[in-house]
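Remarks on the overall topology
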Amino acid sequence: MTDQSTYTAFDGHRQIAAGTAVAVATSLKKRQADAAAVNVLVFDDRTGREVDFDLRGTADEVAARLRPTNVPDTSTAGPRGPGRPRLGVVAREVTLLPRHWEWLASQPGGASVTLRRLVEQARRASAFDDVRRNCQERAYRFMSAIAGNLPGFEEASRAVFSDDRAKLAEIVSLWPADVAAHVTRLASSSDMEEAGH
């Protein structure tokens, strides 16, 4: 889990918590102690997928498990010597036809530089479509998990995938307010664009 991710918890059709993993899990831990939660589902706002938080132990132990652990420790790294800077490059296998390898080899910077450049160009060219598709998918995942039995679910799904926001708003207006608001937010691209998705 990254520190940029946000989560939303629902007890039935009522939103009970929203925020970072630590904030939501701490809130759920308190509700668990009060026996206040009955049917709690937690969703990753970035993907719309349901997630489980390990609520065993104290609130501090729960929070400690959810804090990011993938932050590199640079305090003991010392000064770097000459050479290429660390770019976070990951090596993976790429299979291409011989004519593709020949063309890549003839490009300035070689195959790796050319492939990175081509990927970045493709990412920029399809950025809008990627954001829209991700919004549709996350809204649908959330709806399927929590609103599958609500009236108009099929029509709402079609409205999400056809990007018909007016129709979606009309259908979800009959749903519980917290569910309707969350579906509408997930189907919107504004928060993903702000996050630089």
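Refer to the structure above for everything that follows.
Residues numbered from 1 in each chain as written. Predicted model: local features only at pLDDT ≥ 70, side-chain atom pairs only at ≥ 80, totals over all residues. Heavy atoms only, no water.

With that out of the way, let us pick up a nonpolar patch on the surface. A cluster of nonpolar side chains, namely Val94, Leu96 and Trp101, defines an oily patch on the protein surface of about 240 Å² accessible area. One can find Val94 in the loop between helix 2 (59–66) and helix 3 (98–105). Residue classification places Val94 among the partly exposed residues on the basis of a relative accessible area of 41%. (Patch = residues over 30% accessible without salt bridge, like charges linked within 9 Å, V, L, I, M, F, W, Y side chains within 5 Å. Areas by Shrake-Rupley, 256 points an atom, 1.4 Å probe, with all protein chains shown as cover. Salt bridge = Lys/Arg side-chain N within 4 Å of Asp/Glu carboxyl O. Helix = DSSP H or I, 4+ residues; strand = E, 2+ residues; numbered from the N terminus. Buried < 20%, exposed > 50% of the residue type's maximum accessible area, 1.4 Å probe, protein only.)

Reading across the sheet, the 4 strands line up as 2-1-3-4 and stay open at both edges, with antiparallel pairing between neighbours. Each having just a single partner strand, strand 2 (14–19) and strand 4 (50–51) make up the two edges of the open sheet. Bridge count between strand 3 (residues 40–44) and strand 4: 2 bridges; the pairing is antiparallel. Across the sheet, the residue bridging to Val42 is Val51, located in strand 4. Against the sheet, helix 1 (residues 21–33) makes contact with strand 1 (7–11), strand 2 and strand 3, and its axis sits at roughly 135° relative to strand 2, the strand it touches most. Strands strand 1 and strand 2 of the sheet are contacted by helix 8 (residues 177–187), whose axis makes an angle of about 155° with strand 1. (Pairing = 2+ DSSP bridges. Contact = heavy atoms within 4.5 Å. Axes fitted to C-alpha atoms, helices over the stretch in contact; angles between N-to-C directions.)

Moving on, we get to the packing of helix 5 (residues 127–146) against helix 8. The geometry of helix 5 relative to helix 8 is characterised by a closest axis approach of 7 Å and an angle of 160° between their N-to-C directions. When the interaxial angle is binned, helix 5 and helix 8 end up roughly antiparallel. For the pair formed by helix 5 and helix 8, the contact residues are Cys135, Arg138, Ala139, Phe142, Met143 and Ile146 on the first element and Val179, His182, Val183, Arg185, Leu186 and Ala187 on the second. When its residues are assigned to classes, the contact of helix 5 with helix 8 shows 9 nonpolar, 1 polar and 2 charged. (Parallel < 35°, antiparallel > 145°, perpendicular 65-115°, else oblique. Nonpolar A, V, L, I, M, F, W, Y, C, P; charged D, E, K, R; others polar.)

Here the focus is the packing of helix 1 against helix 2. Close contact between helix 1 and helix 2 brings their axes to 9 Å; oriented N to C, the two are set at 155°. Regarding the angle of helix 1 to helix 2, the classification is roughly antiparallel. Where helix 1 crosses over helix 2, the two elements pack in a sense that is right-handed. Contacts from Ala21, Val22, Ala25, Thr26 and Lys29 in helix 1 reach Ala59, Val62, Ala63 and Leu66 in helix 2. A class-by-class count of the residues in the contact of helix 1 with helix 2 yields 7 nonpolar, 1 polar and 1 charged. (Left-handed = near helix turned anticlockwise from the far one by under 90°.)

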